[in-house]
Amino acid sequence: MTVPKIFATGATGYIGGSVLDLLITTHPDWHYTLFVRDSDKGAKVGAKWASVRLVYGDWESAEDVLERESEAADVVLHLADADSSSAITALITGLSRKPHRGHLIHTSGTGILVFPDTDKSTYGHPSTQIWSDTDSLAQIASIPIHALHRPVDQIVLDAAASGKVLTAIVCPPTIYGTGTGPDNERSVQIPRLAAAFLARGKGFQVGEGLAKWTHVHISDLSRLYLMLTEAAAGLVVSGGSDSAPNVGKATWGAEGYYFCEAGEHEWGDVARQMAKKAKAMGLLETDEVDSVSAETASEFGGDAAAILWGTNSRCRARRARELMGWEASGPKLEDCLEEALKVERKRRGGGHSKVAAGDA
């Protein structure tokens, strides 16, 4: 039996580490080559997964490594840096040299959907637009090229159109929960919001707090990647037969666009829930939530604060549910807010008394 050869980036990242942990645990007999940036990162990866092969480099100077390893692999998982055109181009170049079509599973993000708000600088307002990964493909294909992640997504779609590579684009939304990889276990939006509350000493929402995003637990997102990788590897194991398990369920190329969500949240609701939990934990003196401008939010949450907590990114993961039988089964978002606060408290080293004193 042919053993699938997997090449992956992002092993020490939040998404990549969690996806690879599930994949390697489920299929320990497959051959894995993982791209890492330096020996420190490599030591962490090797300590967790002793059987994997490591190659080293950085995005700007390792095109030859990415090309060589992609050409040698059956399935390439790009689980890091959704906006590196040089990295994705190198991966595609390598796959395109294969005598048979290889598979590329690329990580984008539903940040691609926020352009109506960012174009108008409208933050905290509601939106009724909901995107579907089955019914909205034409609209997704026409998203302006300046949208977040869109330039690299287009490179992937162009590669699929060439017929040389079978591609899937996975677009995670707000991800929550503790990662299971060898290094970064922390997501972005929810942890940064918790950190911003502690830094400010009080909860806040951007504008009216009515903007909505969809969300998914990291374990559920990892299972979608597992299912897609199994579908791609099934073609290798079966010698190209569509009768192999999982093979016929996945779609690739122009129809290989996958949202992944377990529901949606309104950012004002999340802010209020988090503030209540923070007060109960002794991290904030009040559970009141202020309405702040995008500029004020950036003082505590960084330059992207308004995008992270003030835009709309609403979508439905119909493709994975209807074609592959994927369903969300992980913990609910509201049940993970307390853990996020605990992590940020530990990172800062104290609660509201230290924050107020400027010592945290």
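For the structure itself, consult the block above.
Residues numbered from 1 in each chain as written. Predicted model: local features only at pLDDT ≥ 70, side-chain atom pairs only at ≥ 80, totals over all residues. Heavy atoms only, no water.

(A) Highlighting the overall build of the chain. Summing up its helical and strand segments, the chain has 15 helices and 14 strands in all. For 360 residues, the compact-globule estimate of 2.2 N^0.38 gives 21 Å, and the C-alpha radius of gyration of the chain, at 21 Å, lies within 12% of that figure. Residue burial in the chain is summarised as follows: out of 360 residues, 54% are buried. Long-range contacts, defined as pairs at least 24 residues apart, comprise 80% of the intrachain contacts of the chain with a sequence gap of at least 6. (Helix = DSSP H or I, 4+ residues; strand = E, 2+ residues; numbered from the N terminus. Rg over C-alpha atoms; globule rule 2.2 N^0.38 Å. Buried < 20%, exposed > 50% of the residue type's maximum accessible area, 1.4 Å probe, protein only. Contact = heavy atoms within 4.5 Å.)

(B) Up close: the packing of helix α8 (residues 189-200) against helix α10 (residues 267-280). Interhelical geometry of α8 versus α10 gives an angle of 55° and a closest axis separation of 11 Å. Viewed along their axes, α8 and α10 adopt a mutual orientation that is oblique. Seen along the crossing, α8 lies across α10 with a hand that is right-handed. Residue-level contacts link Gln 189, Ile 190, Leu 193, Ala 194 and Phe 197 of α8 to Trp 267, Val 270, Ala 271, Met 274 and Ala 275 of α10. Considered class by class, the residues forming the contact of α8 with α10 number nine nonpolar, one polar and no charged. (Axes fitted to C-alpha atoms, helices over the stretch in contact; angles between N-to-C directions. Parallel < 35°, antiparallel > 145°, perpendicular 65-115°, else oblique. Left-handed = near helix turned anticlockwise from the far one by under 90°. Nonpolar A, V, L, I, M, F, W, Y, C, P; charged D, E, K, R; others polar.)

(C) Examining the pattern of salt bridges more closely. Inspection of the entire model under this criterion finds 23 salt bridges. A salt bridge links Asp 290 to Arg 200; its shortest N-O distance comes to 2.9 Å. Here the residue Asp 290 occupies a position in strand β13 (residues 289-292), and Arg 200 occupies one in helix α8, the gap between them amounting to 90 residues. Glu 338 is the partner of Lys 342 in a salt bridge, and the nearest nitrogen-oxygen pair spans 3.6 Å. Residue Lys 342 and its partner Glu 338 are located together in helix α14 (residues 337-348), separated by four residues, close to a single helical turn. The exposure class assigned to Glu 338 is partly exposed, which follows from its relative accessible area of 35%. Residues participating in the shared-partner salt-bridge network are Arg 200, Lys 202, Glu 288 and Asp 290. (Salt bridge = Lys/Arg side-chain N within 4 Å of Asp/Glu carboxyl O.)

(D) Molecular detail of a negative patch on the surface. Side chains of Asp 58, Glu 60, Asp 81 and Asp 83 sit close together on the surface and give a patch of like negative charge. Tracing the backbone shows Asp 81 in the loop between β4 (75-78) and α4 (85-96). Exposure remark for Asp 81: the relative accessible area of 36% places this residue in the partly exposed category. (Patch = residues over 30% accessible without salt bridge, like charges linked within 9 Å, V, L, I, M, F, W, Y side chains within 5 Å. Areas by Shrake-Rupley, 256 points an atom, 1.4 Å probe, with all protein chains shown as cover. Lys, Arg positive; Asp, Glu negative; His and termini not counted. Charge placed at Lys NZ, Arg CZ, Asp CG, Glu CD.)

(E) Region of interest: the environment of Leu 79. Take Leu 79: it is sitting in the loop between β4 and α4. Taking C-alpha positions, Leu 79 is 22 Å from Arg 318, a pair spaced 239 residues apart along the chain. Not counting residues up to four positions away in its chain, the partners in contact with Leu 79 are Ala 8, Thr 9, Gly 10, Gly 16, Val 19, Leu 20, Thr 107 and Tyr 225.

(F) Inspection of unusual backbone geometry at higher detail. Even without being glycine, Ser 121 reaches a positive phi, approximately 55°. By the element assignment, Ser 121 lies in the loop between α5 (115-120) and β6 (131-132). Looking at Ser 121, the relative accessible area reads 51%, which means it is exposed. Notably, His 149 is not glycine yet its phi reads approximately 70°, a positive angle. Mapped onto the elements, His 149 comes out in the loop between α6 (137-141) and α7 (150-161).

(G) Broad picture of the packing of aromatic side chains. Under the counting rule described, the total for this entry stands at four aromatic pairs. Residues Phe 197 and Phe 204 carry aromatic rings whose centres are separated by 5.4 Å and whose planes lie at 55° to one another, so their mutual orientation is tilted. Considered together, Phe 197 and Phe 204 belong to a single accessibility category, that of buried residues. Grouped by ring-pair contacts, the aromatic residues Phe 197, Phe 204 and Trp 309 constitute a single cluster. (Phe/Tyr/Trp six-rings, centres within 6.5 Å; stacked < 30°, edge-to-face > 60°.)

(H) Inspection of the packing of α4 against α7 at higher detail. Remark: α4 packs on α7, axes separated minimally by 9 Å, with the N-to-C direction vectors making an angle of 15°. In terms of their interaxial angle, α4 and α7 are classed as roughly parallel. Like other packed secondary-structure pairs, α4 and α7 cross with a definite hand, here right-handed. Each of Ser 85, Ile 88, Thr 89 and Ile 92 in α4 lies in contact with α7, whose residues at this interface are Val 152, Ile 155, Val 156 and Ala 159. Looking at the contact of α4 with α7 residue by residue, the classes come out as six nonpolar, two polar and no charged.

(I) Focus on the sheet that holds strand β10 (residues 212-217). Pairing is mixed in the open sheet, where three strands are placed in the order β8-β10-β12. The open sheet is flanked by β8 (174-176) and β12 (263-266), the only strands paired with a single partner. This sheet shows a mean twist of 45° between the axes of neighbouring strands, independent of strand direction. Two strands pair when backbone bridges link them, and β10 and β12 are joined in this way by four bridges, in the antiparallel orientation. Among the inter-strand pairings, Thr 214 is bridged to a residue of β12, identified as Glu 264. (Pairing = 2+ DSSP bridges.)

(J) Looking closely at the sheet that holds strand β5 (residues 102-107). Ordered by their spatial adjacency, seven strands build an open sheet running β3-β2-β1-β4-β5-β7-β11, and the pairing between neighbours is parallel. The sheet terminates laterally at β3 (53-56) and β11 (257-259), the two strands that pair on one side only. Ignoring strand direction, the axes of neighbouring strands in this sheet form an average angle of 20°. Note that strand β1 (residues 5-8) and β4 share three bridges and pair parallel. Within β4, the position partnered with Ile 6 by the bridge is Val 75. The strands touched by helix α1 (residues 14-26) are β1, β2 (31-36), β4 and β5; relative to β2, the strand with the most contacts, the crossing angle is about 165°. Those strands touched by α4 are β1, β4, β5 and β7 (165-171), and its axis lies near 165° from that of β5.

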